[in-house]
Amino acid sequence: KNRDHKKDNWNTESKFLSVKNLNNDETGEVGEFLLYDIFSKNNHIVEYEKAITSENKDWDIVIDGIKIEVKTATIGRVAKTFQHEKFFKNRNYNAFIFLDFTPNELYATIAAKKDIIWKNLTKRMVRGIFTSEYKFDLSLKMIQENKNKKIKKSYSSLINNEQDLIDLFEKFKSDFKI
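Remember, it's a predicted structure, so these values are computed and weren't measured experimentally. Residue positions within a chain follow its written sequence, with the count starting from 1. In keeping with the model being predicted, local features are shown solely for residues with a pLDDT of at least 70 and side-chain atom pairs are shown and tallied solely at 80 or more, while totals for entire chains, interfaces and linings include all residues. Side-chain numbers come from the whole structure's heavy atoms, not from hydrogens or water.

Chemist: Whenever I open this one, the overall build of the protein chain confuses me. Can you help?
Modeler: The helix and strand inventory of the protein chain stands at four helices and nine strands. Each helix is a run of DSSP H or I of at least 4 residues and each strand a run of E of at least 2, with the numbering of both proceeding from the N terminus. Element order for the protein chain, N to C, with α for helix and β for strand: α-α-β-β-β-β-β-β-β-β-α-β-α. Considered along the principal axes of its C-alpha atoms, the protein chain spans approximately 50 × 40 × 30 Å. Exposure categories follow from relative accessible area, calculated using a 1.4 Å probe and restricted to protein chains: below 20% of the type maximum is buried, above 50% is exposed, and the middle band is partly exposed. Burial analysis of the protein chain (178 residues in total) assigns 46% to the buried set. For the protein chain, long-range pairs separated by at least 24 residues make up 63% of all intrachain contacts whose partners lie at least 6 apart in sequence. Accessible areas in this description were obtained via Shrake-Rupley with a 1.4 Å probe; residue shielding takes into account the shown protein chains only. Of the roughly 10200 Å² of accessible surface on the protein chain, a fraction of 47% belongs to carbon and sulfur atoms. The charge count treats Lys and Arg as positive and Asp and Glu as negative. His and the chain ends do not count. Every charge is mapped onto a representative atom, which is NZ of Lys, CZ of Arg, CG of Asp or CD of Glu. Charge centroids of the protein chain, computed over 32 positive and 27 negative side chains, lie 8 Å from each other. Contacts: residue pairs with any heavy atoms within 4.5 Å of one another.

Listed below in C-alpha cells is the structure:
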C-alpha cells in the first residue's frame, strides 16, 4: 500500500525521537538498561549483562528470579504498530517485557512465555526457509485495550513514571508461577 498521503507519527517535537532514531540493537539496549536502572534502584534483585544473549544465556535480564526476554520497539512512522523481531520459542526464559515507544508515550506489556500462542505469531523466513525466529507485532490499540490473540494473559499499561512500571510488574508477578 502507498501510505505517502498519511501523516508521519513522528516529528522533531516528539519526546522519544532519540529512541526512534537508534538502530535495532541500540533500541534493545535502551529497553534493557531502562529496566535494569528502574528495578535495581527500587529494591528489586536484578541480574543484567549489557547486550549479551547467546548459546549460554537465553534471556536479557533477571528480575526477582524471573528470566525475562526484553523487546523494545518504536511505533511505525505511519502504521500504528510495534514490530518485535528475533523472538524465539526455544530459548530458556520465563517471561517477556515489551517496551513500546510512541512519539510521546511509553507502554509496557508483560506476560509469561507459557501464555504465548505461538501459532498466532509470524514465523520468520530467510531465503524461502522458515527459521526458529518469530516476529511478534502489536498494534497500539491491542496494547491500550489489553486485548491480544497472541497471548492468553498479559498485563499492559501506559508508563508515565517508574512506579507505573514497577506496579505493572508486581501485578504480573503476583499471578506468575515459574
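That was the structure; now back to the text.
Chemist: Looking at this structure, I do not really get the environment of S139. What am I missing?
Modeler: The residue S139 is located in strand β8 (residues 129-139) in this model. The spatial distance from the C-alpha of S139 to the C-alpha of A79 is 8.6 Å, given a sequence separation of 60 residues. In this structure S139 touches K80, T81 and F82, once residues within four positions along its chain are discounted.

Chemist: Looking at this structure, I do not really get the nonpolar core. What am I missing?
Modeler: A general trend in soluble globular proteins is that nonpolar side chains are found buried together. Among buried residues, those of type Ala, Val, Leu, Ile, Met, Phe, Trp, Tyr and Cys that are joined through side-chain atoms within 4.5 Å constitute a nonpolar core. Counting 50 residues, the largest nonpolar core has F39, I68, F87, F136, F169 and F172 as its most contacted members. Excluding residues that lie within four positions of it along the chain, I68 makes contacts with W59, D60, I61, I63, A95, F96, I97 and F169.

Chemist: Before we go on, may I ask you to explain the sheet that holds strand β1 (residues 46-48) in this structure?
Modeler: Should DSSP find at least two bridges between two strands, the strands are regarded as paired. Taken in spatial order, the six strands line up as β1-β2-β3-β5-β6-β9 in an open sheet, and their pairing is mixed. The strands lining the two open edges of the sheet, one partner per strand, are β1 and β9 (155-158). In this sheet, adjacent strand axes meet at a mean angle of 20 degrees when their direction is disregarded. Between N-to-C directions, angles cover 0 to 180 degrees, with each direction set by a line fitted to C-alpha atoms, over the stretch in contact for helices.

Chemist: Can you walk me through helix α2 (residues 24-40) in this structure?
Modeler: Multiply 1.5 Å by the residue count of a helix minus one, and that product is the helix's expected span. The terminal C-alpha atoms of α2, which comprises 17 residues, lie 24 Å apart, in line with the 24 Å expected from a rise of 1.5 Å per residue. Residues of α2 that are buried include every one of T27, G28, G31, E32, L35, I38 and F39, and no others. Along the axis of α2, the buried positions cluster into a sector of 140 degrees, meaning they face one direction only. For α2, the secondary structure elements touched by its buried residues are α1 (17-20), β1, β2 (61-63), β3 (66-74), β5 (95-101) and α4 (162-175). Regarding α2, its N-cap is N23, as a side-chain oxygen of that residue lies 3.0 Å from the backbone nitrogen of D25 further along. To be clear, the arc concerns the directions from the helix axis to the C-beta atoms. Any N or O atom pair separated by 3.5 Å or less is treated as a polar contact, with the protein-specific requirement of one donor-capable and one acceptor-capable atom, and with residues adjacent in sequence counted only for side-chain atom pairs.

Chemist: I'm lost on the sheet that holds β8 in this one. Help?
Modeler: Spatially, β4-β8-β7 is the arrangement adopted by the three strands of the open sheet, whose pairing is antiparallel. Edge strands, defined here as strands with exactly one partner in the open sheet, are β4 (81-88) and β7 (122-126). Along the sheet, successive strands turn relative to each other by an average axial angle of 40 degrees, direction set aside.

Chemist: I tried to follow the pairing of β8 on my own but got confused; where do I start?
Modeler: Along any regular strand, the residues point their side chains to alternate faces of the sheet. Bridge analysis of β4 against β8 gives six bridges, and the strand direction is antiparallel. Residue pairing across strands places F82 opposite L138, the latter belonging to β8. Relative to β8, β7 runs antiparallel, the two being bridged by four bridges. Paired with K123 across the bridge in β8 is Y134. Connecting the antiparallel pair β7 and β8 is a turn made up of two residues, with R127 showing a positive phi of about 50 degrees.

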